[in-house]
Amino acid sequence: MTNPTDDLRITNIVELSSPARIIDELPRDETVSKTVLGARSAIHDILTKKDDRLLVVVGPCSIHDPVAAIDYAKRLKEQRDRLQGDLEIVMRVYFEKPRTTVGWKGLINDPGLDGSFRIEDGLRIARKLLLDVNDLELPAGCEFLDTITPQYIADLVSWGAIGAARPKARFIENSPPACPRRSASRTAPPAMSVSPSTPSWLLRSRIIFRR
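Residues numbered from 1 in each chain as written. Predicted model: local features only at pLDDT ≥ 70, side-chain atom pairs only at ≥ 80, totals over all residues. Heavy atoms only, no water.

1. Structural notes on the overall build of the protein chain
Here's step 1: Regarding its fold elements, the protein chain presents seven helices and six strands.
Here's step 2: Ordered by position in the sequence, the α and β elements of the protein chain form the string α-α-β-α-β-α-β-α-β-α-β-α-β.
Here's step 3: Residues classed as buried in the protein chain amount to 44% of the 211 residues present.
Here's step 4: Approximately 11,600 Å² of the protein chain is accessible, and the part contributed by carbon and sulfur atoms is 52%. (Helix = DSSP H or I, 4+ residues; strand = E, 2+ residues; numbered from the N terminus. Buried < 20%, exposed > 50% of the residue type's maximum accessible area, 1.4 Å probe, protein only. Areas by Shrake-Rupley, 256 points an atom, 1.4 Å probe, with all protein chains shown as cover.)

2. A look at the pattern of salt bridges
Here's step 1: Under the criterion given, the structure shown has 12 salt bridges.
Here's step 2: With a shortest N-O distance of 2.8 Å, Glu25 and Arg124 are connected by a salt bridge. With Glu25 in helix 1 (residues 19-25) and Arg124 in helix 4 (residues 119-135), this residue pair connects regions lying 99 residues apart in the sequence.
Here's step 3: Residue Glu25 is classed as partly exposed on the basis of its relative accessible area, which comes to 39%. (Salt bridge = Lys/Arg side-chain N within 4 Å of Asp/Glu carboxyl O.)

3. Some points on helix 4
Here's step 1: The end-to-end C-alpha distance of helix 4 is 24 Å, a good match for the 24 Å that 17 residues give at a rise of 1.5 Å each.
Here's step 2: Regarding helix 4, the residues found buried are Gly122, Leu123, Ala126, Arg127, Leu129, Leu130, Leu131, Val133 and Asn134.
Here's step 3: Those residues of helix 4 that are buried lie in contact with helix 1, helix 2 (30-47), helix 3 (66-82), strand 2 (87-92), strand 3 (140-144) and helix 5 (150-153). (Expected span 1.5 Å × (residues − 1). Contact = heavy atoms within 4.5 Å.)

Next comes the structure, spelled out in structure tokens:
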């Protein structure tokens, strides 16, 4: 018998539930669908210069606590409503971006933050959180780092960033989800001047740009 030379570090393989199954378990309602489609249309108009407002993608770089994320979303929704004449605000809801290059791999891959890698739970937690954010009539943006996980959540995403420095992400960029998107490896245009009433914490938070 030939000695094995492949998959030497794999101890177990567990099949994930299909995207269709999880989407059926956690479906969109009309409010969520309107939020996603409305924001996608608005973002398209901004990027094609039909709308002179600023697109602002703001929020946690790496979601680890859904309860805290919803608290943030409610606060951000207040600012979205107040500043909607100047800004199209989208909440940044990143699930696959760990805070460091080693260690924890993000909420989808390790929702327990303990190395248990309960990906089935992580996918459901991520989808439920996106449903809850959109149900507030606050659109969500995600960064797509994998070719599999977008199949579970992309219908709830209004803005997608793609880490094109990674080979898998380059595949996504060439076969993208339906939402407007940008390559995360490209430099965003600089922040533009906005209303003096814009909160300083909002201006400090990640991406503000117009094309």
